[in-house]
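# Examination of the molecular architecture
Next come the chains, spelled out residue by residue.
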Amino acid sequence: MADTTCSSSGSHTELSCITASCSEGETDSRRARAAAMTGVGAEDDIPLCERKTVTDFCYLLDKSKQLFNGLRDLPQYGHKQWQSYFGRTFDVYTKLWKFQQQHRQVLDNRYGLKRWQIGEVASKIGQLYYHYYLRTSETSYLNEAFSFYSAIRQRSYYHQVNKEDRPELVVKKLRYYARFIVVCLLLNKMELVKVLVKELSEEIEEYTQRFNTEDQLEWNLVLQEVAAFVEADPLMILNDDNVVVVISNRLQEGGMPPLEQGMVVGQLTLADALIIGNCNNQVKFSELTIDMFRMLQALEREPVNLATQSSKPGTLEPNEKPAKRENPHKYLLYKPTFSQLYTFLSASFKELPANSVLLVYLSATGVFPTGCSDCDGPYDFGGVLTNTNRDVVNGETVQKRNQAQKEMHCLHPGDLFPFTRKPLFIIVDSSNSTAYKNFSNLFGQPLVCLMSPTVYPKSMQDQSQRGSLFTLFLYNPIMGFLSVCGLTSMRYGLWEKAQEILRKVFLDIGQMITSSRVVDQAYLQFYGDEFLRLLMIRFVFCCITLRLHKLFRETRSFPESYPPLPKQEMVESSLLQKHVLELAAMLDVQNLFCDGMLENY
């Protein structure tokens, strides 16, 4: 059943929804051709134009499936090799969709076209749009995928499948539901997700009772994963009618401090991002951990038509591309091996345009050095885990090697040194994140590394399955703030007031970064890009909040950065601390925070 539940080592998310579909339609095609133009009358009695209609439809159907099957053979990395193939595939599916619309009556009478077959074509087009989104990071294509998936449900294309004595057809329906849920999650349509999960649960129950299949456990696991994913959100925002308000966390117009006149910042642009998830036991769905899911949205703009999407199937323009790429291109790597991770890193590095930045986000289990070392080199502090088949006990890797040797299934800080020849922005969320503060900027290019706390207070450690607190701050700072305060719901009016305070904090942090005489120039070089600017400002806010919180007393419980940010001017700034305490007072949680300067940093 593969496409949304596949978790093979290091497999790339783009391919997770394609491979299972590549062969499932071929048998149907042969069966349909064999039945075409039979049982209705002798073939000689069929008008030539109608016979040609059926022949043309069969050709388009075969061609579309052939092209779709070829998607799995496309290179997983690189920006250009796949575009022409995707364009041809879109073109054929566009013709196929319009053809079946224009000749529906003939195809019904002479070919025996069933509604589930129309649904399959619509589902394939939805998959194409979804994968085009993954390849380009253009969120508008998510809306197109949603419109096709939504039409399948509204028009009940798969409704009659349950009456057929063919379990493989029911599996098509279940896979459709799983794909639709992924798209709805990415579009934050949480109420619809809950409805779809309920419908999927009923479909799975009927399927397993009727056919007594071996994949029952797998489908039940899909349900468990998506339920845990939905429940991982730490906060409910309620309006005056006690209805949950869904908040988008993509970058919105005016959602970050502007560049003011006189600010001297770099002109670099975030072009590529590798989002890597390899945390043991973290909530996941469709090869996206909750941390990966949050970070990918933090690196996307809000689509203009997200709330007003109402397009219908049949109005495809698959070759029409946005004039400007609004979002950085992203690779989503779930539990990659070291060689896979390095391959994607190298591809991104090779194709990085001039005056551009590569971002590497690592959300992974920490790997610690064993024994004592006489050196303090870039391979002596451990790093983060890459995928391996070795045993894992209680979330930590079992060591089965000579202790004098370095861990081979680990991304060490030194492994990233070759890529510092170009501007590099790193985020490490791990129990051994601070291994990466031992960087050396060998080539003089802009280089920043933001590192998570390595230890959290015991009262907060139980929440790690639902995503990291550090990534939550980078994704949605108010949610991070409320999470450390133990608040799980709030009124929308209060949320709006909290956002007003946050805007003031962010404005002051931005001015401090750009006006400081001691801040490292790398921060100024990256500040010109809106995504990186927001990540740096949210990082500072996270630092201040955790340093003021009474439960965070250990130095290891504070985020760190390379190069270090100036303490007195930023993380210990009395002005910024005042803003944080103002926010705490408004939320009536000021008793959780220290009032004044901190002694231990």
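Scroll up for the structure.
Residues numbered from 1 in each chain as written. Predicted model: local features only at pLDDT ≥ 70, side-chain atom pairs only at ≥ 80, totals over all residues. Heavy atoms only, no water.

A few words now on the overall build of the protein chain. Counting its secondary structure elements, the protein chain contains 19 helices and 15 strands. Relative to its 601 residues, the protein chain shows a buried fraction of 58%. Across the protein chain, contacts joining residues at least 24 apart in sequence account for 78% of those joining residues at least 6 apart. If you sum the accessible surface of the protein chain, you get close to 25,700 Å²; carbon and sulfur atoms cover 49% of it. (Helix = DSSP H or I, 4+ residues; strand = E, 2+ residues; numbered from the N terminus. Buried < 20%, exposed > 50% of the residue type's maximum accessible area, 1.4 Å probe, protein only. Contact = heavy atoms within 4.5 Å. Areas by Shrake-Rupley, 256 points an atom, 1.4 Å probe, with all protein chains shown as cover.)

On to the pairing of strand S2 (residues 269-278), then. The buried fraction of S2 amounts to 9 of the 10 residues, a majority that puts the element mostly inside the structure. For S2 and strand S6 (residues 356-364), the ladder comprises 9 bridges, and the chain directions are parallel. If you follow Leu 270 over to S6, its bridge partner there is Val 357. As defined by bridge partners, S2 adjoins strand S5 (residues 329-334) across 6 bridges and the pair is classed as parallel. Counted as the bridge partner of Gly 277 is Tyr 334 from S5. (Pairing = 2+ DSSP bridges.)

This paragraph deals with the packing of helix H6 (residues 140-154) against helix H7 (residues 167-186). Interhelical geometry of H6 versus H7 gives an angle of 135° and a closest axis separation of 10 Å. In this view, H6 runs oblique relative to H7, as classed from their interaxial angle. Crossing handedness for the pair H6 and H7: left-handed. Packed against H6, whose contacting residues are Leu 142, Ala 145, Phe 146, Tyr 149, Ser 150, Ile 152 and Arg 153, the element H7 presents Tyr 176, Arg 179, Phe 180, Val 183, Cys 184 and Leu 186 at the interface. (Axes fitted to C-alpha atoms, helices over the stretch in contact; angles between N-to-C directions. Parallel < 35°, antiparallel > 145°, perpendicular 65-115°, else oblique. Left-handed = near helix turned anticlockwise from the far one by under 90°.)

The next point concerns the pattern of salt bridges. Per the counting criterion, the structure on display carries 18 salt bridges. Between Lys 124 and Glu 120 there is a salt bridge, with the nearest N and O atoms lying 3.4 Å from each other. You can see Lys 124 and its partner Glu 120 sitting in helix H5 (residues 115-136), 4 residues apart, about one turn around the helix. Neither residue differs from the other here; Lys 124 and Glu 120 are each classed as buried. (Salt bridge = Lys/Arg side-chain N within 4 Å of Asp/Glu carboxyl O.)

Picture the strands of a sheet paired through backbone hydrogen bonds; they go either parallel or antiparallel. If you walk across this open sheet you meet the 3 strands as S7-S8-S11, and the pairing is antiparallel. This sheet does not close on itself; its edge strands, each paired only once, are strand S7 (366-367) and strand S11 (410-411). Where strand S8 (residues 383-385) lies against S11, 2 bridges are found, and the strand directions are antiparallel. Each residue of the ladder has a partner; that of Val 384, found in S11, is Leu 411.

Rolling a probe over the atoms, with the probe sized like a water molecule, indicates the empty space that remains. Applying the stated criterion to the full structure yields 4 cavities of 30 Å³ or more. Size it by volume and the second largest cavity reaches roughly 40 Å³. Val 182, Leu 185, Leu 186, Phe 229, Phe 285, Ser 286, Leu 288 and Phe 293 together form the lining of the second largest cavity. The dominant element in the lining of the second largest cavity, judged by the number of residues it contributes, is H7, at 3 residues. Its residues placed into classes, the lining of the second largest cavity shows 7 nonpolar, 1 polar and no charged. (1 Å grid on protein atoms, 1.4 Å probe; cavity = no way out; pocket = protein on both sides within 12 Å on 5 of 7 lines; lining within 4 Å. Points joined across faces, edges and corners; volume = space filled by probe spheres on them. Nonpolar A, V, L, I, M, F, W, Y, C, P; charged D, E, K, R; others polar.)

With that out of the way, let us pick up the sheet that holds S6. Spatially, 6 strands are ordered S5-S2-S6-S12-S13-S15 in an open sheet, and the strand pairing comes out mixed. With one partner strand each, in any of the chains shown, S5 and strand S15 (560-562) form the two edges of the open sheet. Averaged over neighbouring strand pairs, the angle between their axes works out to 10° when direction is ignored. Contacts between helix H17 (residues 530-548) and the sheet are confined to S2, S6, strand S12 (424-429), strand S13 (447-451) and S15, with S12 contributing the most and set at about 40° to the helix.

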